[in-house]
Amino acid sequence: MNPRRKKRLSIALVIIIGLGTMTGLVLYALKQNIDLFYTPSQLVEGLGEDKVKPEIGQRLRIGGLVMPGTVTRNMEDLKVSFVLSDDNGGLVTLEYEGILPDLFREGQGIVAQGVLKSANVISASEVLAKHDEEYMPPEVAEAIKGIKHMKPEYGNETK
Amino acid sequence: MIPEIGHFSLIVATALSFLLAIYPLIGAKINHPGMINSAKPLAIMQFLLMSLSFAVLAYAFATDDFSVGYVATNSNSLLPIQYKISAVWGGHEGSLLLWSLTLAIWTAAVAVFSQGIPKVALARVLSVMGMIAIGFNLFILLTSNPFDRTLPYLPLDGNDLNPLLQDIGLIFHPPMLYMGYVGFSVAFAFAIAALMAGRLDSAWARWSRPWTLIAWVFLTSGIALGSWWAYYELGWGGWWFWDPVENSSFMPWLAGTALIHSLAVSEKRGVFKSWTVLLSISAFSLSLLGTFLVRSGVLVSVHAFASDPARGLFILAFLIAVVGGSLLLYAVKGSEIKSRGKYSLFSRETFLLMNNVLLIAALLVVLIGTLLPLVHKELGMGSISIGVPFFNNIFFYMIIPLAIALGVAPLLRWKKQEADLRPLFKQLAVCAVASIVLAVALPAIFADKIKIVAVVGFALAFWVIITSSLEVYIRATHRHSFVSGVTKLGRSHWAMVLGHVGLAMMLIGISATQNYKIEKDLRMLPGDEVVFADYLFEFERIGEANGSNYEGYKAVFNISKDGKFETVMKAEKRSYFAQRSMPMTEAAIDWGVTRDLYIALGEQLADDSWAIRIYYEPFIRFIWWGGLVMSIGGLLAVSDRRYRFVNKRVAKAQSLGQE
């Protein structure tokens, strides 16, 4: 083998090994970090045709409407829990500790990231409601077709 | 009447962009001097008309002309004047107009500041830019006209600008970002023009390089500005969220960074040419992809205003035309590009190639992470999301080889290193040891725990700083004493040093905040105290804070450390009159070199207590300062005398030839 070919071969080898490592790394990281999205009904009944239910301890995302009258706060700290619903009747309780987003309201669509604690209780690590009152996350809008999106009350509680 | 002038000049500008796309190109083909020379006046006229159109829209905002639908949805008579102006690009239609205006600015700039370039080549470049302008101007005219009227039922007052966007950072962020995005169209046009002509020499790389650098500077500072805005405005204390929209600005940046390095090799050594062409095409295509992702509404984010499917379809078709067309041209003509010049394995070329491979790998990771959820959903496999740890983990592993290679590359010679590598390895070993020592020392001083991940990050940062300093020292003492030698280094050399040191500063900031940030959500009553990262936070009182178009509350905190009073911090919660349902958090930030203190006011709870979020963010400023240093580096490279000198010389040669 002449030196030129040798050089090319070694460059090619380095690139192949590098790309191989990277692909492996990416696939591994993807496997660890893909979170499925559920609506409350899908969570209760199972997802897709096979009705696959998430396992307890699984990380997932959930989107639904905050059921009016279900937001209960702990008086000592920032723990809060509320029920998410959709038009198919699924009800899922979310538990969260921390500050809720500015746009969090009863009747509003939200998306949360969390871990399934029991069949229909999720411990949320993040609650998102980033948009204005006319906005609903497309995932939520799609899943809850038919339900009328309630506009939040503009009362003194926002002041 | 006045808005119609804007609309009309936009139509005429579109007509001119058609002429610009066709006329000079035919001229270049049949070698007709009149047609070739028409490129410059056409480009300038197009720029003037686009400016007029934009000015008219700005005037409509300034005078509260709510008969224009776009003004009514994005402005309000109570809005302060500076935000009325920035509201021009606060929505979908206006930001597209800004896109087109930016393109016209770049086109005119290329037409005016390219005396050194042969007229035929310039005509082709401007033609390609004209083609891009056609696409965007038609898009505005056909799907998103900002001058549409609401007549006869015009609203009395406007809807107001989204309160999130009422901020100084947002006045500058979109124009900067667009200058960067659109600036890559220049590199793209140069590459396409060169492919058309079948001539790719180092002169081409030299013409393209300053333009690409300016675009890169704008993009870098635009992204840094956006990150800074997200940090202080969103109230989450974060600086990067791997949000699809952020990713779509990061992808062109990665491609652009690879491009400026590869252009340097093409200019100086005449190799990597076809790769450079491919990168030029990719950088601009990714800018278009970013525009598509953001503007089509397929993504969920603060930036997504449009959800009209016709718009998405138009941009998608345009994207396919641009990417498909240019790749086809590349496939047909690309084989004609021949790179001369050889280089050995241990040379600067190889290391720059490595840099490019790693940057493109990073780009692919971001691309997968951004597009996979979309593809997954379109295939009917359900909605998924890709968590932030995916990006963080992979970038952690990828930055290691990148930073190591980055430290070594400037110390190597072009083409071939001398046979004896031992002195170099010895120096590098000393640098490595010094970096590791400093990397362990830094957290030992400012934090109580030493975390491995952080030490790796710090070590890489110090490695880059130390090897860069070593390189400056070696280069300066090559022929002169250090003091006289250091002043003789060219600007483009300092540009490289600053670019690399800027990255190192970012690495310090990122490693420190990601690993040593402290975050707490608390329930506090006025009068409560909390100790946090050695600081005592006393919640003194809550008061009112009202502005011209909002009312709100402010929480006053006294901060002290070791019994000594440090500062007062005021965190606000605002409610804007026009958009009551969207309260805004104005975080209080006490900034410092080694740490930021950050307080965000949450909601009021039942018993007069408030939800309060406090962050301690060590070295976070280094992230944006790093971005700033990188941008300054880019500017220095553009101002290097090589470009001015060459331009003059070429111009002189040309004028002599004409006589």
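Rules behind the numbers
Residues numbered from 1 in each chain as written. Chains lettered and ligands numbered in written order. Predicted model: local features only at pLDDT ≥ 70, side-chain atom pairs only at ≥ 80, totals over all residues. Heavy atoms only, no water. Helix = DSSP H or I, 4+ residues; strand = E, 2+ residues; numbered from the N terminus. Polar contact = N/O pair within 3.5 Å; in protein donor to acceptor, adjacent residues only side chain to side chain. Contact = heavy atoms within 4.5 Å. Expected span 1.5 Å × (residues − 1). Buried < 20%, exposed > 50% of the residue type's maximum accessible area, 1.4 Å probe, protein only. Buried area = accessible area lost by both parts, 1.4 Å probe. Salt bridge = Lys/Arg side-chain N within 4 Å of Asp/Glu carboxyl O. Nonpolar A, V, L, I, M, F, W, Y, C, P; charged D, E, K, R; others polar. 1 Å grid on protein atoms, 1.4 Å probe; cavity = no way out; pocket = protein on both sides within 12 Å on 5 of 7 lines; lining within 4 Å. Points joined across faces, edges and corners; volume = space filled by probe spheres on them.

**Q** Explain the side chain of Ser-114 of chain B to me, please; I cannot follow it from the model alone.
**A** All names here are of chain B. With respect to the helices, strands and loops of the structure, Ser-114 is situated in the loop between helix H6 (92–112) and helix H7 (119–143). Here the side chain of Ser-114 touches Val-110 through a polar contact of 2.6 Å, landing on its backbone oxygen. Those residues in contact with Ser-114 that sit more than four places away from it in its chain are Leu-122 and Trp-211.

**Q** What exactly am I supposed to notice about helix H8 (residues 168–197) of chain B here?
**A** Taking 1.5 Å per residue, 30 residues should reach 44 Å; H8 of chain B reaches 45 Å between its end C-alpha atoms and fits that length. Most of H8 of chain B is tucked away: 24 of the 30 residues are buried.

**Q** Explanation requested: the interface of chain A and chain B in the structure shown.
**A** Reports of interface size often rely on the accessible area that becomes lost once the parts have come together. In this complex, chain A contributes 40 residues to the contact, which on the side of chain B involves 47 residues. When chain A packs against chain B, close to 3,800 Å² is buried across both sides, 66% of that on carbon and sulfur atoms. Glu-603 of chain B is the partner of Arg-73 of chain A in a salt bridge, and the nearest nitrogen-oxygen pair spans 2.8 Å. Along the contact surface separating chain A from chain B lie 8 residue pairs in polar contact (both at pLDDT 80 or more). Going through the elements one at a time, helix H1 (3–33), strand S1 (34–38), strand S5 (91–97) and helix H3 (138–143) of chain A are the ones with two or more residues in the side of chain A that touches chain B. Top contributing element to the side of chain A that touches chain B by residue count: H1 of chain A, with 10 residues. Among the residues making up the side of chain A that touches chain B, the classes are represented as 18 nonpolar, 6 polar and 16 charged.

**Q** Looking at this structure, how should I read empty space enclosed by the protein?
**A** The rolling of a water-molecule-sized probe over the atoms marks out the regions of remaining empty space. All names here are of chain B. Considering all chains together, one arrives at 1 cavity of 30 Å³ or more under this definition. Considered as a void within the structure, the largest cavity measures approximately 40 Å³ in volume. Every residue along the wall of the largest cavity is listed here: Gln-46, Met-50, Ser-100, Leu-103, Ala-104, Ala-133, Phe-136 and Asn-137. Mapped by element, the contributors of at least two residues to the lining of the largest cavity are helix H3 (39–62), H6 and H7. In the lining of the largest cavity, the residues fall into 5 nonpolar, 3 polar and no charged.

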